[in-house]
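The chain contents come next:
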Amino acid sequence: MRKFIFYLLVFILFQHISFAQTRPIDMWVFRSVLDKRARMITCALHEKLWVAYDANDCTLYKIWNGGKTGVVFDGAVYTSKHGPQPTTQGNTYMYGIYDKPVWQLSLNGEIVENTKAQFKGYVWMNNTVTLKYAFSGPNNIEITIEETPEYIQKSKDGMPGIARNFVVKNIPEGYKFGIELGVSSLSTYTDFVTTGDFVITEKSEKIGKNNTSYAIKGILFFKNNIPANIKTYFLPAAIN
């Protein structure tokens, strides 16, 4: 029995080390200007999947296939050149919904006004990163949100993807709280799945030379302290 436990622990450790090596760069979570946008957080989750968030609105900016060099580190901080700034490079899977509020609080079907999401930093440990947001509103409403993104791969055909895991707390009784989402570069609508309450507002398809891609928009609603998971798998041939 002791020998079995020993080999089990060795196996778990090996799995952890192997997984840790999948990050394409050592400092795989960082803040910077990116694509001429300030207050960006980049997570290099895998060679096949980099993701950037905009801290201004606490929203997803972009997901792309960046390889080992998904960001060109240019500018005074990195190369002593004044003027240039870091930019993304590689094929884009999708852009998120940005430069507009995506988090929404409603009461009796009406959107509550004078609300705002604030970025509260991130926790980077045990080879994972968790982003933290706070959503404030009238009557001292303060909803806390934690999001943990991770690279995933479809077991059937190896398609790259992202899992976004949310935990939301302090939603006032009687209110509904959610986030507006848009996903694209899907090979089929079923390449987007969630454990949460997702209300679809729009579906579309784009016919290309080699394939047809699909896109979905909607609102994901949360419940207090109940994790909501989103999994999105992308066409290997990303958008240029």
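Fair warning: this is a prediction, and the values are worked out from it, not measured in the lab. (Residues numbered from 1 in each chain as written. Predicted model: local features only at pLDDT ≥ 70, side-chain atom pairs only at ≥ 80, totals over all residues. Heavy atoms only, no water.)

Engineer: It is not clear to me how the sheet that holds strand E9 (residues 110-111) should be interpreted in this structure. Could you clarify?
Structural biologist: Adjacent strands of a sheet pair through backbone hydrogen bonds, lying either parallel or antiparallel. What the five strands build is an open sheet, ordered E9-E8-E14-E17-E16; its pairing is antiparallel. Strands at the two margins of the open sheet, each flanked by one partner only, are E9 and strand E16 (197-207). Two strands pair when backbone bridges link them, and strand E14 (residues 175-186) and strand E17 (residues 212-221) are joined in this way by seven bridges, in the antiparallel orientation. In the sheet register, Val-183 faces E17, and the bridge partner there is Ile-216. (Pairing = 2+ DSSP bridges. Helix = DSSP H or I, 4+ residues; strand = E, 2+ residues; numbered from the N terminus.)

Engineer: Looking at this structure, how should I read the confidence of the model for the protein chain?
Structural biologist: A low pLDDT means the predicted coordinates there should not be read in detail. Mean pLDDT over the protein chain works out to 88, with 85% of the residues at or above the 70 mark. The low-confidence segment residues 1-21 (pLDDT under 50) makes five contacts with residues lying over four places distant or belonging to another chain. (pLDDT = per-residue confidence, 0-100. Contact = heavy atoms within 4.5 Å.)

Engineer: Honestly, the side chain of Ser-185 in this entry has me stumped. Any pointers?
Structural biologist: By secondary structure assignment, the location of Ser-185 is in strand E14. On the basis of relative accessibility, which here comes to 4%, the residue Ser-185 falls in the buried class. (Buried < 20%, exposed > 50% of the residue type's maximum accessible area, 1.4 Å probe, protein only.)

Engineer: Got a minute to help me understand the nonpolar core in this structure?
Structural biologist: One recurring pattern in soluble globular proteins is that nonpolar side chains are buried together. The biggest cluster of nonpolar side chains holds 55 residues, and the ones touching the most others in it are Ile-63, Trp-103, Ile-143, Ile-145, Phe-177 and Phe-222. Once residues within four sequence positions are removed from consideration, Ile-63 is found in contact with Leu-49, Trp-50, Val-51, Thr-92, Tyr-93, Met-94, Ile-162 and Phe-234. (Core = buried A, V, L, I, M, F, W, Y, C linked by side-chain atoms within 4.5 Å.)

Engineer: Explain the pattern of salt bridges here, please?
Structural biologist: Two side chains bearing opposite charge may form a pair once their charged atoms approach each other closely. Under the criterion given, the structure shown has seven salt bridges. In this structure, Arg-37 engages Asp-99 in a salt bridge whose closest nitrogen and oxygen atoms are separated by 2.6 Å. Taken together, the residues span a long stretch of sequence, with Arg-37 in strand E2 (residues 37-46) and Asp-99 in the loop between strand E7 (91-95) and strand E8 (103-107) at a distance of 62 residues. On the basis of relative accessible area, Asp-99 is assigned to the exposed category, the value being 52%. One connected set of salt bridges, linked through shared partners, spans Arg-37, Asp-54 and Asp-99. (Salt bridge = Lys/Arg side-chain N within 4 Å of Asp/Glu carboxyl O.)

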